[in-house]
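Structural overview for review
Residue-level listing of the chains:
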2 protein chains.
Amino acid sequence: MKMSNTQQRRVILEELRKLDTHPTADELYDLVRQRLPQISLGTVYRNLELLSATSQILKLQLTGTQKRFDGNTALHYHRRCPCCGRVSDLKGEEMAEVERVLNELLRKTGCRSYTLELCGVCPACRKQQSSSRENPENINNPKSHQENKNDGIERQ
Amino acid sequence: MKMSNTQQRRVILEELRKLDTHPTADELYDLVRQRLPQISLGTVYRNLELLSATSQILKLQLTGTQKRFDGNTALHYHRRCPCCGRVSDLKGEEMAEVERVLNELLRKTGCRSYTLELCGVCPACRKQQSSSRENPENINNPKSHQENKNDGIERQ
DNA sequence: CCAAAATTGATAATGATTATTAATTCTAAT
DNA sequence: ATTAGAATTAATAATCATTATCAATTTTGG
Ligand SMILES: [Mn+2]
Ligand SMILES: [Mn+2]
Ligand SMILES: [Zn+2]
Ligand SMILES: [Zn+2]
């Protein structure tokens, strides 16, 4: 069961690593197809599974129906934007804050690990929001911003 | 669109409220069928959807493939046990700790809300574990305890 | 009781993911 | 470079959870 180095696997990994958007398997399939037009969706799924099983990528089980994948294997956390639906990485000080606060929580509860998904306006939407003076309570009524990529996710 | 009071809906809600196990739709279906043998799975799904849309129950999107439902609508948090796979509520001091620590996190990150799933040994497994002196690092190798209800969930 | 509205059980359809398989590609050893 | 065996692929079928459809039944408010 030695992992061989196929063109398909290489391209899938390369394309995923170019992104910071946490694509679903079919989103990545569309990108990979631009370089390998005859690749099949099954191959993308199979390789994403293999790559995450060997810790070369992350498989994210965020809320919503589809799995998402991440070429960045460093420990980090994610925020889903209620405006555009995008999943973005927490950066710098925000990251450190999660670490600090959640480690404290693990210690006090005796738990081993956690899965955390924050919900907050992403940097891209923050800009627009401040200029367009929008109703801040349309959290459950997305589809407001231009490049709205929100899928039909219902949050708890 | 007034919600009528059907026997099916009443039984579904009653049975769900008896539990603290966060069943999936089909698990609840099996229970409800003991009282209403001719009910269909579609009816269970339809009512769970309606009941959660009207805030009479909670729909949980925990890791794993299936949705889970909760008759307890009070604000509270969940822990998945790496030994038995069960989802249990955090209680008392643990609850308060999550509140405190995560509110701090929201304030510092400017996020609106969060979805948190802790992973930690549940009270039931804790008892067994202390007596049976088991390898504490079989986190990714469940199927160790007797009443093992672990589904095939892969954690991040 | 009665008409309109809501719901049900049965079943089909959907969407995401996984399994199957014959054909192709990779690999490592000659 | 050749070659046998292992790994992988594209195509496709199958699976699993969930949602949609719809004629028949139940509930509701008058
Ligand atoms: Mn990421
Ligand atoms: Mn609960
Ligand atoms: Zn956004
Ligand atoms: Zn347990």
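First things first, this report covers the structure right here in the doc. Remember, predicted model here, so these are calculated numbers, not experimental data. (Residues numbered from 1 in each chain as written. Chains lettered and ligands numbered in written order. Predicted model: local features only at pLDDT ≥ 70, side-chain atom pairs only at ≥ 80, totals over all residues. Heavy atoms only, no water.)

For chain A, the helix and strand inventory stands at five helices and five strands. Helices and strands appear in chain A in the N-to-C order α-α-α-β-β-β-β-α-β-α. Counting the 156 residues in chain A, one finds 46% classified as buried. Of the contacts formed within chain A by residues at least 6 apart in sequence, a portion of 51% connects residues at least 24 apart. Total accessible area computed for chain A in this model is approximately 8700 Å², and 49% of it derives from carbon and sulfur atoms. (Helix = DSSP H or I, 4+ residues; strand = E, 2+ residues; numbered from the N terminus. Buried < 20%, exposed > 50% of the residue type's maximum accessible area, 1.4 Å probe, protein only. Contact = heavy atoms within 4.5 Å. Areas by Shrake-Rupley, 256 points an atom, 1.4 Å probe, with all protein chains shown as cover.)

Time to look at the packing of helix α1 (residues 7-18) of chain B against helix α3 (residues 41-53) of chain B. Residues and elements named next belong to chain B. As a packed pair, α1 and α3 sit with axes 10 Å apart at the nearest point and diverge in direction by 75°. Regarding the angle of α1 to α3, the classification is roughly perpendicular. Note on element contacts: α3 touches α1 through Thr43, Val44, Asn47, Leu48, Leu50 and Leu51, opposite Gln8, Arg9, Ile12, Leu13 and Leu16. (Axes fitted to C-alpha atoms, helices over the stretch in contact; angles between N-to-C directions. Parallel < 35°, antiparallel > 145°, perpendicular 65-115°, else oblique.)

One finds Leu102(A), Leu116(A), Leu102(B) and Leu116(B) to be the most contacted residues of the largest nonpolar core, which totals 24 residues. Of all the secondary structure elements, the ones that give two or more residues to this core are α4 (92-109) and β5 (113-119) of chain A together with α4 (92-109) and β5 (113-119) of chain B. The residues touching Leu102(A), leaving out its near neighbours within four places in the chain, are Tyr114(A), Leu116(A), Leu102(B), Leu105(B) and Leu116(B). (Core = buried A, V, L, I, M, F, W, Y, C linked by side-chain atoms within 4.5 Å.)

Time to look at the coordination of the zinc ion (ligand 4). Residue and element names in this part refer to chain B. Protein-derived coordination of the zinc ion (ligand 4) comes from Cys81 (SG), Cys84 (SG), Cys122 (SG) and Cys125 (SG), at a distance range of 2.3 to 2.4 Å. If you look at the zinc ion (ligand 4), its four donor atoms make angles of 107 to 113° with each other, and the shape they trace is tetrahedral. One chain supplies every donor to the zinc ion (ligand 4), and in sequence these donors are spaced C-x2-C-x37-C-x2-C. Remark: Cys125 occurs in helix α5 (residues 123-132) and Cys84 occurs in the loop between β3 (78-80) and β4 (87-89); sequence separation between them is 41 residues. Note on accessibility: Cys84 and Cys125 belong to one class, buried. (Donors = N, O, S within 2.8 Å, 3.2 Å for Na, K, Ca; no water. Tetrahedral: all angles 85-135°; square planar, octahedral: opposite > 155°, others 65-115°.)

Along the chain, the position of Ser88(B) falls in strand β4. In this structure Ser88(B) touches His22(B), Tyr77(B), His78(B), Arg79(B) and Cys122(B), once residues within four positions along its chain are discounted.

The environment of DNA strand D is made up of 18 residues, and the closest members are Met1(A), Arg9(A), Thr43(A), Arg46(A) and Tyr45(B). Of what DNA strand D places within 4 Å of the protein, 87% of the atoms are sugar or phosphate. Here a phosphate oxygen of DNA strand D and a backbone polar atom of Lys2(A) are 3.0 Å apart. Taking Asn5(B), its main chain carries an N or O atom lying 3.0 Å from a phosphate oxygen of DNA strand D. Residue assignment for the surface near DNA strand D shows that the elements contributing at least two residues are α1 (7-18) and α3 (41-53) of chain A. Among the elements that line the surface near DNA strand D, the one with the most residues is α3(A), at three residues. (Near = heavy atom within 4 Å. Polar contact = N/O pair within 3.5 Å; in protein donor to acceptor, adjacent residues only side chain to side chain.)

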